[in-house]
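Now for the letters of each chain:
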Amino acid sequence: MTEEFHRIRRLPPYVFAEVNQAKAKARAAAEDIVDLGMGNPDSPTPPHIVAKLIEAVQNPDTHGYSASKGIPGLRRALAGYYQRRFGVELNPENEVVATLGSKEGLANLASAISSPGDTILVPNPSYPIHQFGFIIAGASVRSIPHTPDERMLEALDRAVRHSVPKPTALIVNFPSNPTGLMADLDFYRELVAFARKHEIYILSDLAYAELYYGDRVPPSILQVPGAKDVAVEFTSMSKTYNMAGWRMGFAAGNPKLIAALTRVKSYLDYGAFTPIQVASVAALNGPQDCIEEMRKLYKERRDVLVRGLKQAGWDVPVPEAGMFVWAEIPERFRGLGSVEFSKLLLARGRVAVAPGLGFGEHGDTHVRIAMVENTQRIRQALRGIRGFLQGDNAGPAIEAAEGVKA
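Each value, and the rule that gives it
- Residues numbered from 1 in each chain as written.
- Predicted model: local features only at pLDDT ≥ 70, side-chain atom pairs only at ≥ 80, totals over all residues.
- Heavy atoms only, no water.
- Helix = DSSP H or I, 4+ residues; strand = E, 2+ residues; numbered from the N terminus.
- Expected span 1.5 Å × (residues − 1).
- Buried < 20%, exposed > 50% of the residue type's maximum accessible area, 1.4 Å probe, protein only.
- Pairing = 2+ DSSP bridges.
- Axes fitted to C-alpha atoms, helices over the stretch in contact; angles between N-to-C directions.
- Contact = heavy atoms within 4.5 Å.
- UniProt positions renumbered as here; feature names shortened; annotations may be inferred.
- Salt bridge = Lys/Arg side-chain N within 4 Å of Asp/Glu carboxyl O.
- Arc of directions from axis to C-beta.
- Polar contact = N/O pair within 3.5 Å; in protein donor to acceptor, adjacent residues only side chain to side chain.
- Phe/Tyr/Trp six-rings, centres within 6.5 Å; stacked < 30°, edge-to-face > 60°.
- Parallel < 35°, antiparallel > 145°, perpendicular 65-115°, else oblique.
- Nonpolar A, V, L, I, M, F, W, Y, C, P; charged D, E, K, R; others polar.

Visitor: Account for helix α12 (residues 337–349), with residues named and values stated.
Guide: Taking 1.5 Å of rise per residue, the 13 residues of α12 would be expected to cover 18 Å, and the 17 Å separating its terminal C-alpha atoms lies within 8% of that figure. Along α12, ten of the 13 residues are buried, which leaves the element largely enclosed by surrounding structure. Following α12 by one or two positions, R350 has its phi on the positive side, about 60°.

Visitor: Tell me about the sheet that holds strand β8 (residues 249–253), residues and numbers included.
Guide: Overall, mixed pairing links the seven strands, which are arranged β2-β8-β7-β6-β5-β3-β4 in an open sheet. Two strands lie at the open edges of the sheet, namely β2 (96–99) and β4 (140–144), each paired on one side alone. Neighbour-to-neighbour, the strand axes of this sheet turn through a mean angle of 20°, independent of strand direction. Together, β3 (119–123), β4 and β5 (169–172) form the strand contacts of helix α7 (residues 150–162), whose direction differs from that of β4 by roughly 145°.

Visitor: Describe the sheet that holds strand β11 (residues 354–355), listing the residues and the values that go with them.
Guide: Strands sit in the order β9-β12-β11 across an open sheet of three strands; the sheet is antiparallel. Bordering the open sheet on either side are β9 (324–328) and β11, each of which pairs with just one other strand.

Visitor: I'd love a proper account of the UniProt feature "domain: Aminotransferase class I/classII large" (unreviewed entry) in the protein chain, names of residues and values included.
Guide: In this structure's numbering, the residues bearing the UniProt feature "domain: Aminotransferase class I/classII large" (unreviewed entry) are residues 32–383. Between the C-alpha atoms that bound residues 32–383 the distance is 13 Å, and the span itself is 42% helix and 14% strand.

Visitor: How would you explain the pairing of strand β7 (residues 231–236) if you had to name every residue and give the values?
Guide: Within β7, six of the six residues are buried, which leaves the element mostly enclosed by the surrounding structure. Residues A231, E233 and T235 of β7 are buried on one face, and the alternating residues V232, F234 and S236, pointing to the opposite face, are buried as well.

Visitor: A description of the environment of R295 should follow, citing residues and the corresponding values.
Guide: Here R295 is to be found in helix α11 (residues 289–311). As for R295 and Y213, which are separated by 82 residues in sequence, their C-alpha atoms are 6.7 Å apart. What R295 contacts, discounting residues up to four positions off in sequence, is E210, Y212 and Y213.

Visitor: Run through the pattern of salt bridges, naming residues and quoting values.
Guide: Summed over the entire model, instances satisfying the criterion amount to 23 salt bridges. The partner of R377 in a salt bridge is D32, with the nearest N and O atoms 3.0 Å apart. One end of the pair, R377, is in helix α13 (residues 375–390); the other, D32, is in the loop between α2 (17–28) and β1 (34–35), with 345 residues separating them in the sequence. Under the relative-accessibility criterion, R377 is labelled buried at 19%.

Visitor: Could you give me a rundown of α2, with the residues and numbers involved?
Guide: In a regular helix each residue adds 1.5 Å, so twelve residues correspond to 16 Å; α2 covers 16 Å between its end C-alpha atoms and thus fits that length. By the burial criterion, the buried members of α2 are V19, K23 and A26. Summarising the axial view, the buried residues of α2 lie within an arc of 65°, below the 170-degree limit, and thus occupy one face. Exposed residues pointing more than 90 degrees away from the buried face of α2 are listed as Q21, K25 and A28.

Visitor: Quick rundown of the side chain of R295? Include the residues and the values.
Guide: Assessed through its relative accessible area of 13%, R295 is described here as buried. In terms of polar contacts, R295 uses its side chain to reach the side chain of Y212, at 3.2 Å.

Visitor: Before we move on, can you summarise the packing of aromatic side chains with the specific residues and values?
Guide: Going through the model one piece at a time under the given rule, you end up with twelve aromatic pairs. Aromatic side chains F16 and F359 sit 5.5 Å apart centroid to centroid with 65° between the ring planes, which places their arrangement in the edge-to-face category. One end of the pair, F16, is in the loop between α1 (6–9) and α2; the other, F359, is in the loop between β11 and β12 (366–370), with 343 residues separating them in the sequence. Of the two residues, F16 and F359, both sit in the buried class. Relative to F187, the ring of F174 lies with its centre 6.0 Å away and its plane at 85°, an arrangement referred to as edge-to-face. Here the residue F174 occupies a position in the loop between β5 and α8 (185–198), and F187 occupies one in helix α8, the gap between them amounting to 13 residues.

Visitor: So what about unusual backbone geometry? Which residues, and what values?
Guide: For the peptide bond that leads from V164 to P165, omega is 0°, which places it in the cis range. Inspection of the secondary structure assignment puts P165 in the loop between α7 and β5. The residue after F174, namely P175, is reached through a cis peptide bond having omega -5°. Within the secondary structure, P175 sits in the loop between β5 and α8.

Visitor: Describe in detail the packing of helix α5 (residues 101–113) against helix α9 (residues 255–268), supporting the description with residues and values.
Guide: Helices that pack against each other are described as a pair by the angle of their axes relative to one another and the distance between those axes. Running from N to C, α5 and α9 cross one another at 100°; their axes reach a closest spacing of 9 Å. Between α5 and α9, the angle falls in the class roughly perpendicular. In this structure, α5 uses E104, G105, N108, L109, A112 and I113 to contact α9, whose residues at the interface are L257, A260, L261, V264, K265 and L268. For the contact of α5 with α9, the residue count by class is eight nonpolar, two polar and two charged.

Shown next, in the form of structure tokens:
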């Protein structure tokens, strides 16, 4: 009984572990590390949502098992949000299911619709569950570019022509984690037409729907006529309402996919704690000015971070959406790869970032920088980054890291 379990064997070493261990060691030594690695919102949940949770939890009738697919009022609230925000009509009974965050929903749907021998088209780089949910389910994953343009559409066409059997499903995630790229409705129209022609399901991750900074507003793929024939979309309360730890999300769209996810979940969980669901109804149906405040907060942080990195000699793209800067590693450090560079930045600059390799092998030339600290702490991080990039110790540090890597 010494062999590793088959599904565990298919999972690579956790890429973020080395940086997390180095971060923990530095903090144990009383070093002040600015952590811009994990996308964990630092702002509190809006007070009216917390108040509704407290009110609901004081009712003992809410303390028992809940509904796995979500209480009716919550599913109606999500349908109402889609109507207001996207002009999309959803049937709360068979086109909506509540999930324990979008991550759980994606993973359980992967288990519901795929099996060994199936091929799933997954963007690279992308959020890890997009790939590993299907790997854990036993399916094979084929990487495609995650750019909402002709490059991605051409890659999809090649994948369909050269994959045996034909791919079962395609994952998309716009605004993207980690890249911040956005798609428009014209791109979604082409994607839906492609999927309908080839009978491929689309799983759209729209976790960052409300976190945008300009005139371009992220659309839903369900806005495309006929999209519900092939597509299901995942949303989350985590970033929109600073409810990351509450674990509340949704899947909406194609009734067959919703039914499959609902059935699998019925065997695995009893749904989120009812007071959390009640509070989520208050979030969706209540005042929405907290969302605009959240956008302003992240835009300010984004501007400070991007400007400061540029002043430090690290030119990065300005994200239109999301809570991350997807930064290509400076050229003289690029040979280290993202893990060694992240460890070096932690050791010399006292700043933790997420190595791009954790989002797929095509991300190894980048790191993801999360805007999850206030502007004062971001400026502190920038001083550390500037001191490292412009300091005399950069050359010896590269040589030392390359020696370790070799």
